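# Coordinates in review
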Amino acid sequence: MPNGKTPRPSINELKEHAWDLRRDILLMLREAGSGHTGGSLSCAEILVALYHYKLHHDPHNPQWEERDRFILSKGHCCPALYTVLAHRGFFPREDLFTFRKIDSRLQGHAYAGVPGVEVSTGSLGQGLSIANGLALAARADGKKNRIYCLMGDGEMDEGQIWEAAMTAGFRRLDNLCGIVDLNGIQQDSWTREIKDLRPVDQKWSACGWHVLDVDGHDPAGLLDALDSAADTKGKPVVIIARTVKGKGVSFMENNPVWHGKAPNQQELEKALQELEATRMREGF
Ligand SMILES: Cc1ncc(C[n+]2csc(CCOP(=O)(O)OP(=O)(O)O)c2C)c(N)n1
Ligand SMILES: [Mg+2]
């Protein structure tokens, strides 16, 4: 049960967990033949920082009352969530290869029937409102657990996000931490061309949030930001995590085509070779 007070994993360990996550995301998407590759790869380090360090959770008792809650508001990126949950022992890794198959509980958007998934998501814009409810309930019950909500940058186009952001700021929900996976791309184009979010930090601070801006692929920076968020009193905290969509595979990086496309066998092999080369080069 990592809790941020325990010693931090080494940077190499975290890099290795993110590497394993990327490998299994690619393998499961190939097996399924469909799914959301780019946004799953962009949030790998964020999920590793949460599930291998910050979250209080118990894979053997997913409903443990005192657990921290994590809401994947960008529910189409469930390949990343399912994989980190399998790696933490919530269910067997082999189940990943049933993703999107008939009768599998590993549905193509995050499904609450999977151990460790708090809520079904996929209709964008709703996760932060759910997180607010959980944060208000925890406060009312005098609980110490924290609530985390990961959103996409394209998802910021949803009005409901800003209704929820204003509510959390007004209610001073300091047990709530939002994370924005700012990868610059939504569905088939660049976020700045569809609806420019900038200045995104000022939008959140105007709603009453404390804003942290980090490199979303730097494990140390993410751990610092998560610790700092937990220590912030009187305000919710949003971590703006600057990421690359498709991170880790050169031909998937910054290419909107890979938003909702799974690799074919040849692409998978090329991607895995690249991941292996990175591991050798960086020596983790
Ligand atoms: C309410 C709603 N409208 C549209 C969609 C279709 N859709 C799925 S993913 C996506 C783009 C999301 O972009 P972003 O939030 O930036 O996610 P990421 O880049 O992390 O994949 C859209 C429009 C949806 N899932 N829900
Ligand atoms: Mg995006």
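First things first, this report covers the structure right here in the doc.

Parameters and conventions
- Residues numbered from 1 in each chain as written.
- Chains lettered and ligands numbered in written order.
- Predicted model: local features only at pLDDT ≥ 70, side-chain atom pairs only at ≥ 80, totals over all residues.
- Helix = DSSP H or I, 4+ residues; strand = E, 2+ residues; numbered from the N terminus.
- Rg over C-alpha atoms; globule rule 2.2 N^0.38 Å.
- Buried ≥ 20, exposed ≤ 12 C-beta atoms within 10 Å, placed from the backbone.
- Contact = placed C-beta atoms within 7 Å.
- Pairing = 2+ DSSP bridges.
- Axes fitted to C-alpha atoms, helices over the stretch in contact; angles between N-to-C directions.
- Left-handed = near helix turned anticlockwise from the far one by under 90°.
- Nonpolar A, V, L, I, M, F, W, Y, C, P; charged D, E, K, R; others polar.
- Expected span 1.5 Å × (residues − 1).
- Arc of directions from axis to C-beta.

Our focus in this paragraph is the overall build of the chain. Along the backbone of the chain there are 10 helices and 7 strands. Over its C-alpha atoms the chain spans a radius of gyration of 18 Å, differing by no more than 12% from the 19 Å that the globule rule assigns to 284 residues. If one aligns the C-alpha atoms of the chain with their principal axes, the spans along those axes are about 50 × 45 × 40 Å. The buried share among the 284 residues of the chain stands at 48%. Pairs at least 24 apart in sequence give 78% of the contacts found in the chain among residues at least 6 apart.

On to the pairing of strand β6 (residues 210-215). When β6 meets strand β7 (residues 237-242), the two strands line up parallel, connected through 6 bridges. Of the residues in β7, the one forming a bridge with valine 211 is valine 238.

Turning our attention to the sheet that holds β7. Taking strand neighbours across the sheet as the criterion, the 5 strands line up as β1-β2-β3-β7-β6 in an open arrangement whose pairing is parallel. Two strands in the sheet have a free side with no partner beyond their single neighbour: β1 (69-72) and β6. The average undirected angle you get between the axes of adjacent strands in this sheet is 20 degrees. In the packing of helix α9 (residues 219-231) onto the sheet, the strands contacted are β3 (176-182), β6 and β7, and the crossing angle to β6 comes to about 170 degrees.

Here threonine 121 shows up in the loop between α4 (78-87) and α5 (127-140). Judged by local crowding, threonine 121 falls into the buried class, with 26 C-beta atoms found within 10 Å. For the pair threonine 121 and tyrosine 111, spaced 10 residues apart in sequence, the C-alpha separation works out to 6.8 Å. The residues contacting threonine 121, other than those within four sequence positions of it, are Ile71, Leu72, Ser73, Gly75, His109, Ala110, Gln126 and Gly127.

Where helix α3 (residues 44-54) meets α4, the closest approach of the two axes is 10 Å, and the angle between their N-to-C directions is 35 degrees. Considering how the two elements wind past one another, α3 and α4 form a crossing that is right-handed. Of α4, the residues touching α3 (which contributes Ala44, Leu47, Val48 and Tyr51) are Ala80, Leu81 and Val84. For the contact of α3 with α4, the residue count by class is 7 nonpolar, no polar and no charged.

The next point concerns α5. The α-helix winds at 3.6 residues per turn, so residues separated by three or four positions along the chain end up facing the same way. The first and last C-alpha atoms of α5 sit 20 Å apart over 14 residues, in line with the 20 Å expected at 1.5 Å per residue. Along α5, the positions that sit buried rather than exposed are Gly127, Leu128, Ala131, Asn132, Leu134, Ala135 and Ala138. The buried side chains of α5 occupy one side of the element, clustering within an arc of 170 degrees when seen end-on. Counted as exposed and oriented over 90 degrees from the buried face of α5: Ala137 and Ala140.

Checked against the element boundaries, glutamate 31 lands in helix α1 (residues 11-32). Since 16 C-beta atoms lie within 10 Å of it, glutamate 31 is described here as partly exposed. Each C-alpha atom of the pair glutamate 31 and glutamate 158 lies 32 Å from the other, and the pair is 127 residues apart in sequence. In contact with glutamate 31, other than residues within four places in its own chain, are Phe97 and Phe99.

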